[in-house]
Amino acid sequence: MAATAHDAQAPLEKDFSNNGYTNGHGQNSYHLNDTNMDNDTALKRIRTAGSISISPELFEKIYLSPQNQVKGDLRKTFGNPTPVALCGFLLCLSPLCCILMGWRGAGGNGASGIGSYFFFGGVLMMVGGFLEFILGNTFPFVVFMSFGAFWLTFASTLQPFYYAYASYAPAGEPEAAGISTVGFTASFAFFLLFMGVLCFVYLICSLRTNVVFVVIFFTLVPAFGLLAGAYWQNALAIGTGDLSHAETAHRCQVAAGAFTFVTSMAGWWIFLAIMLAALDFPFQLPVGDLSTMIKGASEKRKAKENMV
């Protein structure tokens, strides 16, 4: 009786690092989605269990990464950094997509959001990415850090202090006249183009995460391509004086804004889904888990070994 009372008062433990989540992997390991018991029995087992495991689908929803094994208990010690990084991404992209589409007379290539690009996009995504690295979540770590660097780069390019525009200004002209020169617009387009290539790599990798994450990268790839095209068309318009190129650039920019609007809506959906899961709401938002549909190489190898 004494041992039972001690166990009942022990603090609850969340063991997210256990890759096996069924009862067969350990006598005192229980699956949170198990419905084959009444509430009193479930509560008693949770209080006396050596660990509590979560399903691969819930793990992937929370961390945007397939369930993996890492050394130590850091996931039980620290909070989940994923929604922090998503928040930084969304508070930059959501206003920017509206600006690109010119809603309510917006314009200026997003220059009004320099502060948010530095502090939301740069700081929050870098912090979130670093904490994902600490937790051993490689894919979200790489994604968040690279996009944090993107927002810092974009903000620095728009910031006059870094002399990005003005360094292309013709000799003898004031610094402000360097805006939208042929050299700058034609050159900066390559950065946007290869951001699209990077997102294409992420798109392939996201096929093992969830449908919402796939939608995010599926829309970012053409968005970056369209933005690169808009810059090149603007360069032609400035160089040749042909206004038809400027019109094409505007259409590309608006189309890029439409694609990123879909990206931001998908981002808000998955952000809300993670927050609801983190607070154990009685209802959850589906994200279309793919982590268990596309088997990993290690899972296939293990299944093959078991067959032998």
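Because the structure is a prediction, the values reported are computed rather than measured.

Novice: Could you give an account of helix 8 (residues 182-205), with specific residues and numbers?
Specialist: Here helix 8 spans 36 Å end to end across 24 residues, near enough to the 34 Å set by a 1.5 Å rise per residue. Those residues of helix 8 not exposed but buried are Phe 184, Thr 185, Phe 188, Ala 189, Leu 192, Met 195, Gly 196, Cys 199, Tyr 202 and Leu 203. The inward-facing, buried residues of helix 8 contact helix 7 (138-158) and helix 9 (211-240).

Novice: Which residues make up the environment of Gly 102, and what values go with them?
Specialist: Along the chain, Gly 102 falls in the loop between helix 5 (82-100) and helix 6 (114-135). Sequence separation between Gly 102 and His 250 is 148 residues; the distance between their C-alpha atoms is 9.8 Å.

Novice: How would you summarise the UniProt feature "transmembrane region" (unreviewed entry) in the protein if you had to cite specific residues and measurements?
Specialist: When the UniProt feature table is mapped onto this chain numbering, "transmembrane region" (unreviewed entry) sits at residues 84-103, 115-135, 142-162, 182-204, 211-233 and 253-279. With 100% helix and 0% strand, the stretch residues 115-135 has end C-alpha atoms that lie 29 Å from each other. Between the C-alpha atoms that bound residues 211-233 the distance is 33 Å, and the span itself is 100% helix and 0% strand.

Novice: Kindly report on the packing of aromatic side chains, identifying the contributing residues and their values.
Specialist: Under the defined criterion, the tally for this structure stands at 25 aromatic pairs. With centroids separated by 6.0 Å and ring planes inclined at 5 degrees, the aromatic side chains of Phe 150 and Phe 154 adopt a geometry described as stacked. With Phe 150 and Phe 154 both in helix 7 and four residues apart, this pair spans about one turn of that helix. Note on accessibility: Phe 150 and Phe 154 belong to one class, buried.

Novice: Mind laying out the environment of Asn 210, listing which residues take part and the relevant values?
Specialist: In this fold, Asn 210 is placed in the loop between helix 8 and helix 9. On the accessibility criterion, Asn 210 (0% relative accessible area) is buried. Residues Asn 210 and Asp 289 lie 79 residues apart in sequence; the distance between their C-alpha atoms is 4.3 Å. Within polar-contact distance, the side chain of Asn 210 engages the backbone nitrogen of Val 212 at 3.1 Å.

Novice: So what's going on with the environment of Gly 107? Residues and values would help.
Specialist: With respect to the element layout, Gly 107 can be found in the loop between helix 5 and helix 6. Put simply, Gly 107 and Leu 96 are eleven residues apart on the chain and 9.5 Å apart in space, counted from C-alpha to C-alpha.

Novice: Account for the nonpolar core, naming residues and giving values.
Specialist: The biggest cluster of nonpolar side chains holds 50 residues, and the ones touching the most others in it are Phe 147, Trp 151 and Phe 217. Listing elements by their share of this core, those giving two or more residues are helix 5, helix 6, helix 7, helix 8, helix 9 and helix 10 (243-278). Among the elements that line this core, the one with the most residues is helix 9, at ten residues.

Novice: Kindly report on unusual backbone geometry, identifying the contributing residues and their values.
Specialist: We note that Arg 104 has phi near 55 degrees; this positive angle belongs to a residue other than glycine. On the basis of relative accessible area, Arg 104 is assigned to the exposed category, the value being 88%. Located in the positive-phi region is Asp 280, a residue other than glycine, with phi close to 55 degrees. On the secondary structure map, Asp 280 appears in the loop between helix 10 and helix 11 (297-307). Take Asp 280: its relative accessible area is 65%, and that puts it in the exposed class.

Novice: Tell me about empty space enclosed by the protein, and please be specific about residues and values.
Specialist: In total, this model carries one cavity of 30 Å³ or more according to the counting rule given. If you add up the space inside the largest cavity, you get close to 80 Å³. If you trace the largest cavity, you find it lined by Leu 86, Phe 89, Met 125, Val 143, Phe 144, Phe 147, Phe 213, Ile 216, Phe 217 and Leu 220. Elements with a contribution of two residues or more to the lining of the largest cavity: helix 5, helix 7 and helix 9. For the lining of the largest cavity, the element with the most residues is helix 9, which contributes four residues.

Novice: Describe a nonpolar patch on the surface, and please don't skip the residues or the numbers.
Specialist: A contiguous nonpolar patch, built from Phe 119, Val 123, Val 127, Phe 130, Leu 131, Phe 133 and Ile 134 and spanning about 640 Å² of accessible area, is present on the exposed surface. Tracing the sequence through the fold places Ile 134 in helix 6.

Novice: Can you lay out the side chain of Ser 94 for me, pointing to particular residues and giving the numbers?
Specialist: Looking at where Ser 94 falls in the secondary structure, it is placed in helix 5. Separated by 2.9 Å, the side chain of Ser 94 and the backbone oxygen of Leu 90 make a polar contact. Those residues in contact with Ser 94, other than ones at most four positions away along the chain, are Ser 264 and Trp 268.

Conventions used here
Residues numbered from 1 in each chain as written. Predicted model: local features only at pLDDT ≥ 70, side-chain atom pairs only at ≥ 80, totals over all residues. Heavy atoms only, no water. Helix = DSSP H or I, 4+ residues; strand = E, 2+ residues; numbered from the N terminus. Expected span 1.5 Å × (residues − 1). Buried < 20%, exposed > 50% of the residue type's maximum accessible area, 1.4 Å probe, protein only. Contact = heavy atoms within 4.5 Å. UniProt positions renumbered as here; feature names shortened; annotations may be inferred. Phe/Tyr/Trp six-rings, centres within 6.5 Å; stacked < 30°, edge-to-face > 60°. Polar contact = N/O pair within 3.5 Å; in protein donor to acceptor, adjacent residues only side chain to side chain. Core = buried A, V, L, I, M, F, W, Y, C linked by side-chain atoms within 4.5 Å. 1 Å grid on protein atoms, 1.4 Å probe; cavity = no way out; pocket = protein on both sides within 12 Å on 5 of 7 lines; lining within 4 Å. Points joined across faces, edges and corners; volume = space filled by probe spheres on them. Patch = residues over 30% accessible without salt bridge, like charges linked within 9 Å, V, L, I, M, F, W, Y side chains within 5 Å. Areas by Shrake-Rupley, 256 points an atom, 1.4 Å probe, with all protein chains shown as cover. Salt bridge = Lys/Arg side-chain N within 4 Å of Asp/Glu carboxyl O.

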